[in-house]
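Single-letter residue listing:
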Amino acid sequence: MAGEYYEVLGIARDASADEIQRAFRTLARRYHPDVNRDPGAEERFKEINEAYHVLADPATRSRYDRFGPDFRRIPEDVDVGAGPGRGQGSPFGGAGGTRRVRREDVDVEDLFGRMGGFEDFFGGSWRAGGTIPGADQEAELPLTVEEAFTGGKRQVTLAGPDGQRRYDVTIPPGVIDGQRIRLSGQGGQGMGNGPAGDLYLRVRIQPDSRYRLDGRDIHVDLPVAPWEAALGATVPVLAPGGELKVVVPAGSSSGRKLRVAGEGMPNRRGRPGDLYAEVRIVVPQTLKRRERELFEELARESTFDPRSAR
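Let me begin by describing the structure that accompanies this report. Predicted, not measured: the structure shown is a model, and the values here were computed from it.

With that settled, consider the sheet that holds strand β4 (residues 180–183). Strands in a sheet are paired, the pairing made by backbone hydrogen bonds, and the direction either parallel or antiparallel. Spatially, β1-β5-β4 is the arrangement adopted by the 3 strands of the open sheet, whose pairing is mixed. Edge positions in the sheet fall to β1 (137–143) and β4, since each of these pairs with one other strand and no more. Averaged over all pairs of adjacent strands, the angle between their axes in this sheet comes to 30°, without regard to strand direction. Here 4 bridges tie β4 to strand β5 (residues 199–205), and the two strands are oriented antiparallel to one another. In the strand pairing of β5, I181 is matched with L201.

Before going further, it helps to spend a moment on the packing of helix α3 (residues 41–56) against helix α4 (residues 58–67). Angle between the axes and distance between the axes: these two values describe a pair of packed helices. Following both chains from N to C, one finds α3 and α4 inclined at 100°, their axes separated by 5 Å at the closest point. On the basis of their axis angle, the class for α3 and α4 is roughly perpendicular. The segment α3 lies against α4, with H53, V54, L55 and A56 engaging P58, T60, R61 and Y64. For the contact of α3 with α4, the class distribution of residues is 5 nonpolar, 2 polar and 1 charged.

One pass over the full model with this rule turns up 22 salt bridges. Across the pair R13 and D65 runs a salt bridge, and its minimum N-O distance is 3.6 Å. Of this pair, R13 sits in the loop between α1 (5–9) and α2 (17–31) while D65 sits in helix α4, and the two are 52 residues apart along the sequence. Exposure remark for D65: the relative accessible area of 37% places this residue in the partly exposed category. The salt bridge partner of E278 is R280, with a shortest N-O separation of 2.9 Å. With a relative accessible area of 35%, R280 lands in the partly exposed category. What emerges from the salt-bridge pattern is a single network uniting E4, R13, R61 and D65.

Conventions and cut-offs
Within any chain, residue numbers begin from 1 and follow the written order of that chain's sequence. In view of the model being predicted, local features appear only for residues whose pLDDT reaches at least 70, and side-chain atom pairs are presented and counted only at 80 or more, with totals across whole chains, interfaces and linings using the full set of residues. Based on all heavy atoms of the structure, the side-chain values leave hydrogens and waters out of the count. Any two strands between which DSSP finds at least two bridges are classified as paired. Labels follow the DSSP assignment, with helices taken as runs of H or I lasting at least four residues and strands as runs of E lasting at least two, numbered in each case from the N terminus. Lines fitted to C-alpha atoms define the axes here, with helix axes fitted over just the stretch in contact, and angles between the N-to-C directions of these axes take values from 0 to 180 degrees. With respect to orientation, any angle under 35 degrees is reported as roughly parallel, any angle over 145 as roughly antiparallel, any angle of 65 to 115 as roughly perpendicular, and every other angle as oblique. By definition in these notes, contact holds between two residues if any of their heavy atoms fall within 4.5 Å. Residue classes follow a fixed rule: Ala, Val, Leu, Ile, Met, Phe, Trp, Tyr, Cys and Pro count as nonpolar, while Asp, Glu, Lys and Arg count as charged, and any other residue, Gly among them, counts as polar. Should a side-chain nitrogen of Lys or Arg be within 4 Å of a carboxyl oxygen of Asp or Glu, the pair is scored as a salt bridge. Between buried and exposed lies partly exposed: a residue is buried under 20% and exposed over 50% of the maximum accessible area for its type, with that area taken using a 1.4 Å probe on protein chains only.

As structure tokens, then:
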């Protein structure tokens, strides 16, 4: 078993019997090797099948909850809980508790038919000709902050079991990390003239030395000269959408955040994010003679002590 049974099915530890079966039905449809031809689908289906066999039987589930992965090593006379005989709740039937089922031992019609029939399982898509829709698939789509901000057309190349394929993708402006873009009909191929599944591209925004994202808000550093911070100034800041002007109030210290409303990541369905420019006071590395004289004069005249300032 590659993972904890509840995690394999994606359910909580207090999940009901109905929730366990719904989770299994969903995952079985996605990963059964006769439906999903992706590499790794068969092994994933075996994990799902084993987890379901254990958790669908109240007796074996009780033992698993109590003893964890070692429950099979515990003698039967210290079992906990009572319930229907082993094998109940399994779509494959039979007694004798959990067992591994080889792919060749189960055909897809038997699997889904025992759970209410193809038509129920596939939402009415099963027909007499053996039509099965293709499985949905998912891949990652890396984007820079600028690409996510502006959106637009992009060609994406993904590796698959039949070699590399290219897709024309329309990226909505303002996509955020973790958001999915759906390509209808570009997933796994159906069986018996069944429709293809969908391909979902999950956005992964790459780290950027200039921009820090917090949801739809964008944070940038704003370098300012000492006199700009002390006297106030209007200075440019580079944002993903282009250059903006930001007003630095007089008396600004490093770390002060200046908010520019609505200049964060766009949002097609609501309010856009904001841009936060964080003041960073930068001093010259080298001083001209007159600059040094002015700084020395300021040092003599000023009574300001930054270590005691509140």
